[in-house]
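Geometric and topological summary
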Amino acid sequence: GPPVSNGLVLHLDADAIQDLDDGDSVQQWHDLSGAGNHATQTEEANQPTYKTNVIDGKPVVRFDEDFLSLPLFQIGTSDGNAIFAVLRVVSPSDQRGGIVLGNFPETPNINAELHTSFRVRYFWNSGNPDHNPDPPTAAQDEPFVATWLRDAGQNQIRTGINGVLSAPSPAGSNVTIDVPFRIGVDYRPDPENIWFKGDIAEILIYDRALTDSERENVEGYLTTKWLEPPDEVWVCDTEGDDSNPGTFDEPFKTIQHGLTVVAEDGTVNVEPGTYGEHVTISNKSLSLRSTDGAEDTTITGLVEIELDDGQTVVFGGDEDAGFTVDRSDNNPVGDSAIVLSVDNGSDVTISHNTLTGADYGIFSETAFTIASGSNVVIAHNMITGNSSSGIYMGWIADSTVAIEYNTVRDNGAASLTTGMHIGEITNSDVSIEHNTITDNYGAGIRIDSIGQAFRTVTIAHNTIAGNEDEGINVGDIIASTLVIDDNVVQDNGRKGIRIDNVSDSSLVEIKANTIGGDEEKDGNGGAGIFISAVSDSTVTIGGDSEDDGNTISHNCKDDFFTGIHIDSVENGDVSIEHNTITDNYGAGVYIGGIGQAPGTVAIARNTIAGNEDEGIYVGMVDESTLIILGNVISDNETGIGIGDIQNSTVDVSFNNISSNSGFGMFVNAADEPAWATHNWWGDASGPFHDVHNPGDTGDEVSDDVTFIPWLGAAMKDQPAGCMADRDYGENASAHTDNVSAMATGGDDTTTVTVAEYVGNPTGANPGFVINDNVFVDVHVGGKLPDELVVVVNCPGGDCTEMLLRWFDGDAWQDVAPQQILNGEIQATLNEDSSPLISDLTGTPFAMGNPVPPPPAPPRPVVGGEAFAANKLALLAPWLAMIAAIGAGTAVAVRRRRVHS
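Cut-offs used in this document
- Throughout, a residue's number is its position along its own chain's written sequence, starting from 1.
- For a predicted model such as this one, the threshold for reporting local features is a pLDDT of at least 70, and the threshold for listing and counting side-chain atom pairs is 80 or more; totals across whole chains, interfaces and linings nevertheless cover every residue.
- Note that water and hydrogens are dropped before the side-chain values are worked out from all heavy atoms of the structure.
- The numbering of helices and of strands both runs from the N terminus, where a helix is a DSSP run of H or I of at least 4 residues and a strand a run of E of at least 2.
- Burial here depends on accessible area, computed with a 1.4 Å probe over protein chains only, as a share of the maximum for the residue type. Under 20% is buried, over 50% is exposed, and the range in between is partly exposed.
- Contacts were defined at the residue level, with two residues in contact if any of their heavy atoms lie within 4.5 Å.
- Polar contact is defined as a pair of N or O atoms within 3.5 Å, subject to the rule that within protein one atom must be able to donate a hydrogen and the other to accept it, and that residues adjacent in sequence are counted only when both atoms are side-chain atoms.
- For our purposes a nonpolar core is just a set of buried Ala, Val, Leu, Ile, Met, Phe, Trp, Tyr and Cys residues, chained together by side-chain atoms within 4.5 Å.
- In this analysis, rings of Phe, Tyr and Trp, with Trp reduced to its six-membered ring, are considered paired at centre separations within 6.5 Å, and the interplanar angle assigns stacked below 30 degrees, edge-to-face beyond 60, and tilted for intermediate values.
- A ring is considered to have a charge above it if a Lys NZ or an Arg CZ atom is located within 6 Å of its centre and within 35 degrees of its normal.
- Any Lys or Arg side-chain nitrogen found within 4 Å of a carboxyl oxygen on Asp or Glu counts as a salt bridge.
- Strands qualify as paired when DSSP identifies two bridges or more between them.
- All axes are obtained by fitting lines to C-alpha atoms, using only the stretch in contact for helices, and the reported angles, taken between N-to-C directions, cover 0 to 180 degrees.
- The predictor rates its confidence in each residue with pLDDT, a number between 0 and 100.
- By definition, disulfides here are pairs of cysteine sulfur atoms that lie within 2.5 Å.
- Without a salt bridge and with relative accessible area above 30%, a residue can belong to a patch; like charges are then joined within 9 Å and nonpolar side chains (Val, Leu, Ile, Met, Phe, Trp, Tyr) within 5 Å.
- Each accessible area value is a Shrake-Rupley result obtained with a 1.4 Å probe; residue values ignore everything except the protein chains displayed when judging cover.
- In this tally Asp and Glu are treated as negative and Lys and Arg as positive; neither His nor the chain ends contributes.
- Charge positions come from single atoms, namely NZ of Lys, CZ of Arg, CG of Asp or CD of Glu.
- To estimate how far a helix should reach, multiply one less than its number of residues by 1.5 Å.

1. Some words on the overall build of the protein chain
Assigned secondary structure in the protein chain consists of four helices and 81 strands. Within the protein chain, the proportion of its 900 residues that are buried is 60%. Considering only contacts in the protein chain between residues 6 or more positions apart, those separated by 24 or more positions represent 74%.

So, in structure tokens, the structure goes:
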């Protein structure tokens, strides 16, 4: 049906006539408008003829001194009106041409002005200035689209052929026509009837004036349906004429006429020049391109792209095919450069254009949706100098949008404006990649909400710098995925990346970004990464490999904020891994609270150094799990600070914590202590504590921190792996995959810890070794048990020529007694064994004493972050848990203490 239905009071379509054969008389032509204004003729002699295969293979109704009558209906109100028809004139009735619609006067003395106002004539020679304005000419025997318009108020009339309109008639034509119509004849008592001789394919009558856009849409619909439009047309503002055929040698003058005439899936080529017109592309697939590129081809009016039925439109396209849309001198109402409305599986590409001087560069508000399986690509455009956002999309629903390789800069004049602003993304895939987004008044990228379906929004490989507000600002993320990957986010006025809320099983990955920079001038004004709340979701900052880590440096001129700032985590999992977080003006990592429901926060394998406040600060851990594993935490005011621990597991293991000016680790309050064992505190003597380790020179620890045993040497640069377990009580029994220690005769204070290593984590000899290639340690605390049985699996289950030895601080000693049984080496330690149980109580874990190892026996050169580069070699349960967090997998944590 026609693209405009509002006000339609008559729609006759020859292609919709049923049950007639070629040559049959037409007794009734059914009105498709729904108004019931059917055209009829009861007298057989006056009935027109139905003819098939006449215009573009379609049927027509042929008139030859016959006519159809219409019922009485009013179309001459003060709201104006519009009439469209597809015609083919066979022969004129006189020199005045053919009559399409004639009004039927009720009385002989009806005045001439009344009954000629709706006489819709189309001439191939001259017009009739007494009644209608001069129309363009039409060739005899050629089908054409006829237009007759009367505006609202002034009552000026315009006529047109194939979209080319006449000048308006003088104002003051009559206002009301309220008489029956005839089709095919203009009846007047004096002189005789004037007949229309020719074919009518379709008629549309509206009882209101149409906008230019609506009129163009209707003309385009009729042209596409009935005529054979050209596949390619040319437009030239200096040498063209819309009465031309639109060829390269005889181009059209206006872009809009080219869009109306060109065939479906055709191309409109625009020659260099300045086109001061409002351009509308509506419900037709086509390409609109310049011949010489944006530098030489300018549109100063609004460009509207409105698609609703699976069309495909390219605006610009190749590198030398774009336009400059410059509204600087033609923008009295603050309109946009391009307005989008894309629905029902339509596709739009806007590329290689310059959009400037408008309110918005590209605008698609909630009423102008991108929806229902549509695809939009905005690429390689320069969008600059617009007073509001460079790109604004109010709603993207059930669609795919790619915004790529654009330069978006110097847009906006108020705080809510941005480089790019998307209101709501619902069930859609959106990618914002390889753009340069700089120096905009508000945020670089702002997305109000993402949600309601597990689709992905990707912000990747962009440079986002020098914007007045945040670099990236995302509101609610609900049941969706957001990936922020490999961006440079620098020198923005507020936070580098801001996310307000992550909920309902969402997944957020922030990886491989540079947030801030090496110098203070590169830092963002607020936190490097700020997330207000994580609930029932998974957030990964960094990732499994060093390549995934973010560099977050020199952020925040306000010392309240941080490198990474998360206000709260409730029933959610957060992994902060492999990042470099240095020289920020607040804490390196700040987490306000973890709790109220099971959840895990893992901070692993990061370098967190030189921050003004804490390296890591967690305000509250409540019924949750906090893991701080394998980090370098140095030169901060406090290495690790925790406000309160309630009914939770806190494990701080295998970190290098050193040279922090205040505490290495401080816990303000805890219902049970934080376990901070197996760490390097900056000195082999361990951390300073005024009661439990008062003479030592490492970083200071507060009460409620269990720091024994500690590492006797710092972690090295090379990766290693570990697995450890701890148990408590009279018969404490600790186990890993390949080593176990089982005590008898202790009490409630007895602790047994076992560890096995993939390589040597510190470069110093651990407690036990099998033939120089299996590294094992056992530590006993509290009351010593009467007996301790240590069992170590032989590699591959083959104990041939295997021997378990232990390091006494100076040399390797044979363990005695020991026996081999079923692929295991078993040693029973007591007051007569070697080593004694008391030899396993030294505080430096992984060493007998903090002395340099002897030159023999040889051992592999290992050490580092206490895990292997090969994921399969990671033995630690915590590391497996961190990997599961990164994958968004639910993790069940056993309450037994497990360290790695």
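2. Some details on the environment of L20
Relative to the helices and strands, L20 is located in the loop between β1 (8-13) and β2 (28-29). Along the sequence, L20 and T52 sit 32 residues apart, while their C-alpha atoms lie 9.5 Å from each other. Setting aside anything within four residues of it in sequence, one finds L20 in contact with S25, V26 and Y50.

3. A short note on the side chain of S553
Its location among the elements puts S553 in strand β51 (residues 551-553). By relative accessible area, S553 is classed as buried at 5%. A polar side-chain atom of S553 sits 2.8 Å from a polar atom in the side chain of T582. Leave out the neighbours within four places in its chain, and S553 touches I515, G516, G517, G523, T582 and N584.

4. Structural notes on the nonpolar core
Membership of the largest hydrophobic core comes to 104 residues, with the highest contact counts inside it found for L288, I305, I499 and M665. With 47 residues, the next largest nonpolar core counts V9, A82, A201 and Y221 among its residues.

5. Side note on the packing of aromatic side chains
The final tally for this structure, using the stated rule, is 10 aromatic pairs. Measuring from centroid to centroid gives 6.1 Å for F84 and Y206, while their planes differ by 90 degrees, and the two rings are edge-to-face. Separated by 122 residues along the polypeptide, F84 in strand β7 (residues 81-89) and Y206 in strand β17 (residues 197-206) bring together distant segments of the chain. Residue Y206 is classed as buried on the basis of its relative accessible area, which comes to 0%. Connected via pairs of aromatic rings, a cluster forms that spans Y360, F363 and Y392. When the ring centre of W226 is taken as reference, the NZ or CZ atom of K58 above it lies at 5.9 Å. A cation over a ring is seen here: K495 above F530, with NZ or CZ 4.9 Å from the ring centre.

6. Concerning the pattern of salt bridges
One pass over the structure, following the stated rule, counts 19 salt bridges. A salt bridge links K225 to D13, with the nearest nitrogen and oxygen atoms 2.5 Å apart. Placement of the pair is K225 in helix α2 (residues 212-226) and D13 in strand β1, with a sequence separation of 212 residues. Judged by relative accessible area, K225 falls into the buried class, the value being 18%. For D13, a relative accessible area of 7% corresponds to the buried category. One salt bridge in this structure joins E214 and R208, with 2.9 Å as the shortest N-O distance.

7. A few points about the sheet that holds strand β76 (residues 787-793)
Taken together, five strands build an open sheet; the order of strands is β71-β72-β76-β80-β79 and the sheet is antiparallel. Looking at strand neighbours, the two that pair on one side only are β71 (733-735) and β79 (818-821), the edges of this open sheet. Going across the sheet, the axis of each strand differs from the next one's by a mean of 15 degrees, ignoring polarity. Across six bridges, the pairing between strand β72 (residues 739-744) and β76 is antiparallel. Among the inter-strand pairings, M742 is bridged to a residue of β76, identified as V789.

8. Concerning the pairing of strand β22 (residues 286-290)
Residues L286, L288 and S290 point to one face of β22 and are all buried, whereas S287 and R289, pointing to the other face, are not buried. Sheet analysis places strand β19 (residues 266-270) next to β22, joined by five bridges and oriented parallel. Residue pairing in the sheet places N269 in a bridge with R289 of β22.

9. Observations regarding the confidence of the model for the protein chain
When pLDDT is averaged along the protein chain, the result is 82; 81% of the residues meet or exceed 70. Low pLDDT, under 50, characterises residues 173-178; the predicted model gives this stretch 23 contacts beyond four residues in sequence or across chains. Within the model, pLDDT remains below 50 along residues 889-900, and this stretch shows 48 contacts once partners closer than five positions in the same chain are excluded.

10. Quick notes on the state of the cysteines
By definition, a disulfide is the covalent link that joins the sulfur atoms of two cysteine residues. Within this structure, the stated rule accounts for one disulfide. Each sulfur in the disulfide pair C794 and C799 lies 2.0 Å from the other. Between C794 and C799 the disulfide shows an S-S torsion of about 105 degrees. By sign, it is right-handed. The pair C794 / C799 is uniform in exposure class, with both members buried.

11. Considering the environment of R494
Turning to its location among the elements, R494 is positioned in the loop between β45 (488-490) and β46 (497-503). Classification of R494 as partly exposed rests on a relative accessible area of 47%. Put simply, R494 and G528 are 34 residues apart on the chain and 9.0 Å apart in space, counted from C-alpha to C-alpha. Ignoring any residue separated from it by four or fewer positions in sequence, one finds R494 in contact with E468, D469, E470, N524, G525 and G526.

12. Concerning the pairing of strand β44 (residues 481-485)
Burial analysis of β44 places five of its five residues in the buried class, the great majority of the element. Burial along β44 is two-sided: T481, V483 and D485 and L482 and I484, pointing in opposite directions, are all buried. As paired strands, strand β41 (residues 456-460) and β44 are joined by five bridges and run parallel to one another. The partner of V457 across the bridge, within β44, is L482.

13. Considerations on a negative patch on the surface
A surface patch of negative charge is lined by D292, E295, D296, E319 and D320. Within the secondary structure, D296 is located in the loop between β22 and β23 (297-299). For D296, a relative accessible area of 41% corresponds to the partly exposed category.

14. Description of unusual backbone geometry
Cis geometry marks the peptide bond from A816 to P817; its omega dihedral reads -5 degrees. With respect to the helices and strands, P817 occurs in the loop between β78 (812-814) and β79. That bond from S834 to P835 is cis: its omega, 5 degrees, falls within 30 degrees of zero. Summarising the element assignment, P835 is placed in the loop between β80 (824-829) and β81 (844-845). The phi angle at S372 is positive, at roughly 60 degrees, despite the residue not being glycine. One can find S372 in the loop between β31 (370-371) and β32 (375-379). Classification of S372 by relative accessible area gives partly exposed; the value is 36%. In this structure, A479 is a non-glycine residue whose phi angle is positive, near 50 degrees. Of note, A479 is situated in the loop between β43 (472-478) and β44. A residue is classified by how much of its surface remains accessible, and A479, at 12% relative accessible area, is buried.

15. Some thoughts on the side chain of Q41
With respect to the element layout, Q41 can be found in the loop between β3 (39-40) and β4 (49-55). Polar side-chain contacts of Q41 include one of 3.0 Å to the backbone oxygen of F67. Leaving out residues up to four positions away in the same chain, Q41 has contacts with V26, Q27, N46, Q47, F67 and L68.

16. Looking at α2
Counted at 1.5 Å a residue, the expected span for α2 with its 15 residues is 21 Å, and the 21 Å between its end C-alpha atoms agrees. Taken across its 15 residues, α2 has 13 buried, putting it largely inside the fold.

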